[in-house]
Amino acid sequence: AQSVTQLGSHVSVSEGALVLLRCNYSSSVPPYLFWYVQYPNQGLQLLLKYTTGATLVKGINGFEAEFKKSETSFHLTKPSAHMSDAAEYFCAVSLNNAGNMLTFGGGTRLMVKP
Amino acid sequence: EADIYQTPRYLVIGTGKKITLECSQTMGHDKMYWYQQDPGMELHLIHYSYGVNSTEKGDLSSESTVSRIRTEHFPLTLESARPSHTSQYLCASSEYHGYTFGSGTRLTVV
């Protein structure tokens, strides 16, 4: 079985500062990994995903994440936070690419201070 | 444009009423899911379907029911709404490489 842990339910950064949202997973087989963003009263939107190949994955809105197998991590980063980045972020893991069910982390609320 | 639609976006309804939350997708995905999410909280899977005439209960026990008569349509029904059903309900579909989510229905039962 797989599981996802997001460290820190709330993260606060200043505008222009580095954003780092942490995600660790457990899986008995090579995982597929995802980051989703959710704005208030909206559904989840895919930010980026890792399936195979390059371990550094670039997504929308300037976000990127790096798959580190040795650390079982898939942390999300952005060099410079913008006020519009304030949202809830969810990390998720899937065991294969055949539309298998995703397991979601508990979410991290990102707050951006002016 | 391929997408997934949920209606209504917001619903306020009295206790004891029967309600159906609609979810439709135009992508031809076989797999569809319903999640319940309280504000600022994690997602809880309540139902899923892997194709027509296939439905399963998820991890979170729910008094709701679902049906899958057509590939594109996956409605969720509450026979008798209660205040404890107040929540956001998210529908999603998938084929490969993750899910596509609808915008959600925010349900308030008074």
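See the structure shown above.
In what follows, the accompanying structure is described. (Residues numbered from 1 in each chain as written. Chains lettered and ligands numbered in written order. Predicted model: local features only at pLDDT ≥ 70, side-chain atom pairs only at ≥ 80, totals over all residues. Heavy atoms only, no water.)

**Side note on the pairing of strand β5 (residues 44-50) of chain A**
All names here are of chain A.
Here comes step 1: Here strand β4 (residues 32-38) pairs with β5 via six bridges, running antiparallel. Across the sheet, Val37 pairs through a bridge with Gln45, a residue of β5.
Here comes step 2: The hairpin formed by β4 and β5 contains five residues between the paired strands, and Asn41 there has a positive phi angle of roughly 60 degrees. (Pairing = 2+ DSSP bridges. Helix = DSSP H or I, 4+ residues; strand = E, 2+ residues; numbered from the N terminus.)

**With respect to the interface of chain B and chain A**
Here comes step 1: Between chain B and chain A, the contact holds 25 residues from the first and 20 residues from the second.
Here comes step 2: Counting the surface lost from both chain B and chain A, the interface buries some 1800 Å², and carbon and sulfur atoms represent 54% of this.
Here comes step 3: When the buried area of chain B at its contact with chain A is split by residue, His97, Tyr99 and Phe101 of chain B rank highest and sum to 33% of it.
Here comes step 4: Taken together, chain B and chain A are joined by zero salt bridges.
Here comes step 5: Between chain B and chain A we count six residue pairs in polar contact (both at pLDDT 80 or more) in total.
Here comes step 6: Looking at the side of chain B that touches chain A, the elements with two or more residues in it are β4 (31-37), β5 (44-51), β9 (87-94) and β10 (99-101) of chain B.
Here comes step 7: For the side of chain B that touches chain A, the element with the highest residue contribution is β4 of chain B, accounting for four residues.
Here comes step 8: Taken together, the residues of the side of chain B that touches chain A break down into twelve nonpolar, eight polar and five charged. (Contact = heavy atoms within 4.5 Å. Buried area = accessible area lost by both parts, 1.4 Å probe. Salt bridge = Lys/Arg side-chain N within 4 Å of Asp/Glu carboxyl O. Polar contact = N/O pair within 3.5 Å; in protein donor to acceptor, adjacent residues only side chain to side chain. Nonpolar A, V, L, I, M, F, W, Y, C, P; charged D, E, K, R; others polar.)

**Quick look at the state of the cysteines**
Here comes step 1: In this structure the tally under the stated criterion is two disulfides over all chains.
Here comes step 2: With its sulfur 1.9 Å from that of its partner, Cys23 of chain A forms a disulfide with Cys91 of chain A. With the S-S dihedral at roughly -65 degrees, the linkage between Cys23 of chain A and Cys91 of chain A falls on the left-handed side. You can see Cys23 of chain A sitting in strand β3 (residues 19-26) and its partner Cys91 of chain A sitting in strand β9 (residues 87-94), a full 68 residues away along the chain. Of the two residues, Cys23 of chain A and Cys91 of chain A, neither departs from the other in class, the shared state being buried.
Here comes step 3: Each sulfur in the disulfide pair Cys23 of chain B and Cys91 of chain B lies 1.9 Å from the other. Handedness here is read from the sign of the S-S torsion; for Cys23 of chain B and Cys91 of chain B, about -75 degrees, the answer is left-handed. One end of the pair, Cys23 of chain B, is in strand β3 (residues 19-25); the other, Cys91 of chain B, is in strand β9, and 68 residues separate them in sequence.
Here comes step 4: Overall, Cys23 of chain B belongs to the buried group, its relative accessible area being 0%.
Here comes step 5: For Cys91 of chain B, a relative accessible area of 0% puts it in the buried group. (Disulfide = S-S within 2.5 Å. Buried < 20%, exposed > 50% of the residue type's maximum accessible area, 1.4 Å probe, protein only.)

**Focus: the nonpolar core**
Across soluble globular proteins, you tend to see nonpolar side chains buried next to one another.
Here comes step 1: Membership of the largest hydrophobic core comes to 26 residues, with the highest contact counts inside it found for Trp35, Leu48, Leu76 and Tyr89 of chain A.
Here comes step 2: Secondary structure elements with two or more residues in this core: β2 (10-14), β3, β4, β5, β7 (64-68), β8 (73-78), β9 and β11 (108-113) of chain A.
Here comes step 3: Residues Leu44 and Met101 of chain A together with Tyr33 and Tyr48 of chain B belong to the second largest nonpolar core, which totals 18 residues. (Core = buried A, V, L, I, M, F, W, Y, C linked by side-chain atoms within 4.5 Å.)

**A short note on unusual backbone geometry**
Negative phi characterises most residues that are not glycine, and trans characterises most peptide bonds.
Here comes step 1: Along the chain, Thr7 of chain B connects to Pro8 of chain B via a cis peptide bond; the corresponding omega equals -10 degrees.
Here comes step 2: Within the secondary structure layout, Pro8 of chain B lies in the loop between β1 (4-7) and β2 (10-13).
Here comes step 3: Phi is positive for Asn41 of chain A, which is not a glycine, with a value near 60 degrees.
Here comes step 4: As for its position among the elements, Asn41 of chain A is in the loop between β4 and β5.
Here comes step 5: Under the relative-accessibility criterion, Asn41 of chain A is labelled partly exposed at 32%.
Here comes step 6: With a phi angle near 45 degrees, Thr72 of chain A is a residue other than glycine that sits in the positive phi range.
Here comes step 7: Along the polypeptide, Thr72 of chain A turns up in the loop between β7 and β8.
Here comes step 8: By relative accessible area, Thr72 of chain A is classed as partly exposed at 32%.

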